Amino acid sequence: MPYIKITTNIKITDDREKILREELGEAITVIPGKSEAWLMLGFQDEMKMAFRGDTSPLAMIEVDIYGKADPTYYDILTRRLCDITSATLSIPGERIYVKYSETPHWGYDGENF
């Protein structure tokens, strides 16, 4: 049950969103037991954002998973997420943050896992 949300201050075109969906679907498999089959994605573009007082292109990526994962996998996934976002949206890696959350309770279709 992973969820990845990308919030950025630039426009995400339909073509770029499609690339992100495909690439993020592959990237989530870095974490054992996680797959595109259960991946939910969210994109919020053209958000008013600044980093270090600068409004140049930037992104905040939030990753939420059901359960826990070894931090080693987060290190690998962070690199992949930054590479994907940088290549697809032309945002420099030093202007991308990645935040992880581990959720012990996750609901789906009227029930909890």
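Conventions adopted
Residues numbered from 1 in each chain as written. Predicted model: local features only at pLDDT ≥ 70, side-chain atom pairs only at ≥ 80, totals over all residues. Heavy atoms only, no water. Core = buried A, V, L, I, M, F, W, Y, C linked by side-chain atoms within 4.5 Å. Buried < 20%, exposed > 50% of the residue type's maximum accessible area, 1.4 Å probe, protein only. Helix = DSSP H or I, 4+ residues; strand = E, 2+ residues; numbered from the N terminus. Contact = heavy atoms within 4.5 Å. Phe/Tyr/Trp six-rings, centres within 6.5 Å; stacked < 30°, edge-to-face > 60°. Pairing = 2+ DSSP bridges. Axes fitted to C-alpha atoms, helices over the stretch in contact; angles between N-to-C directions. Expected span 1.5 Å × (residues − 1). Arc of directions from axis to C-beta. Polar contact = N/O pair within 3.5 Å; in protein donor to acceptor, adjacent residues only side chain to side chain. Salt bridge = Lys/Arg side-chain N within 4 Å of Asp/Glu carboxyl O.

Trainee: Tell me about the nonpolar core, residues and numbers included.
Mentor: Judged by nonpolar contacts, the single largest core of 24 residues is most densely connected at Ile4 and Leu77. Sorting the residues of this core by element identifies β1 (3-8), α1 (14-27), β3 (59-66) and α2 (71-89) as the ones contributing at least two each. Element by element, the count of residues in this core is highest for α2, at 6 residues. Ignoring sequence-local partners within four residues, the contact set of isoleucine 4 consists of Leu24, Ile28, Leu39, Met40, Leu41, Gly42, Ile61, Glu62, Val63 and Leu81.

Trainee: Break down the packing of aromatic side chains for me, citing the residues and quoting the values.
Mentor: Applying the stated criterion across every chain, the model contains 6 aromatic pairs. Ring centres 5.2 Å apart and planes at 70 degrees place the aromatic pair phenylalanine 51 and tyrosine 97 in the edge-to-face group. One end of the pair, phenylalanine 51, is in the loop between β2 (40-44) and β3; the other, tyrosine 97, is in strand β4 (residues 96-103), and 46 residues separate them in sequence. Its relative accessible area of 15% is what places phenylalanine 51 among the buried residues. An angle of 20 degrees between the planes, with centres 6.1 Å apart, marks the rings of tyrosine 108 and phenylalanine 113 as stacked.

Trainee: Break down the sheet that holds β4 for me, citing the residues and quoting the values.
Mentor: Taken together, the 4 strands give an open sheet; going across it, the order is β2-β1-β3-β4, and neighbouring strands pair in mixed fashion. One side of each edge strand has no neighbouring strand; the edge strands of this open sheet are β2 and β4. Ignoring which end each strand starts from, the neighbouring axes of this sheet average 15 degrees apart. Bridge count between β1 and β3: 6 bridges; the pairing is antiparallel.

Trainee: Tell me about α2, and name the residues and values.
Mentor: It helps to recall that an α-helix has 3.6 residues per turn; residues three or four apart then point in one direction. Between its terminal C-alpha atoms α2 stretches 26 Å, which fits the 27 Å expected from 19 residues at 1.5 Å a residue. Here α2 has its buried residues at Tyr74, Leu77, Leu81, Cys82, Ile84, Thr85, Thr88 and Leu89. For α2, the arc enclosing every buried residue in end-on projection is 165 degrees, short of the 170-degree limit, so these residues lie on one face. In α2, the exposed residues that point more than 90 degrees away from the buried face are Asp75, Arg79 and Ala87. A distance of 2.7 Å separates the backbone nitrogen of threonine 72 from a side-chain oxygen at the start of α2, and that oxygen is part of aspartate 70. Downstream of α2 by a residue or two, serine 90 has a phi angle that is positive, lying close to 55 degrees.

Trainee: Tell me about α1, and name the residues and values.
Mentor: Taking 1.5 Å of rise per residue, the 14 residues of α1 would be expected to cover 20 Å, and the 20 Å separating its terminal C-alpha atoms lies within 8% of that figure. Among the residues making up α1, those that are buried are Leu20, Leu24, Gly25 and Ala27. Buried residues in α1, looked at end-on, bunch into an arc of 160 degrees, giving them a common side. Exposed residues pointing more than 90 degrees away from the buried face of α1 are listed as Asp14 and Asp15.

Trainee: Run through the pattern of salt bridges, naming residues and quoting values.
Mentor: For the coordinates displayed, the defined rule picks out 6 salt bridges. One salt bridge connects glutamate 22 with lysine 18, and the closest N-O pair in it is separated by 2.9 Å. Residue glutamate 22 and its partner lysine 18 are located together in helix α1, separated by 4 residues, close to a single helical turn. Judged by relative accessible area, lysine 18 falls into the partly exposed class, the value being 44%. Where aspartate 54 meets arginine 95, a salt bridge forms, and the shortest distance between an N and an O atom there is 3.9 Å. With a gap of 41 residues between them, aspartate 54 in the loop between β2 and β3 and arginine 95 in the loop between α2 and β4 connect regions that are remote in the sequence.

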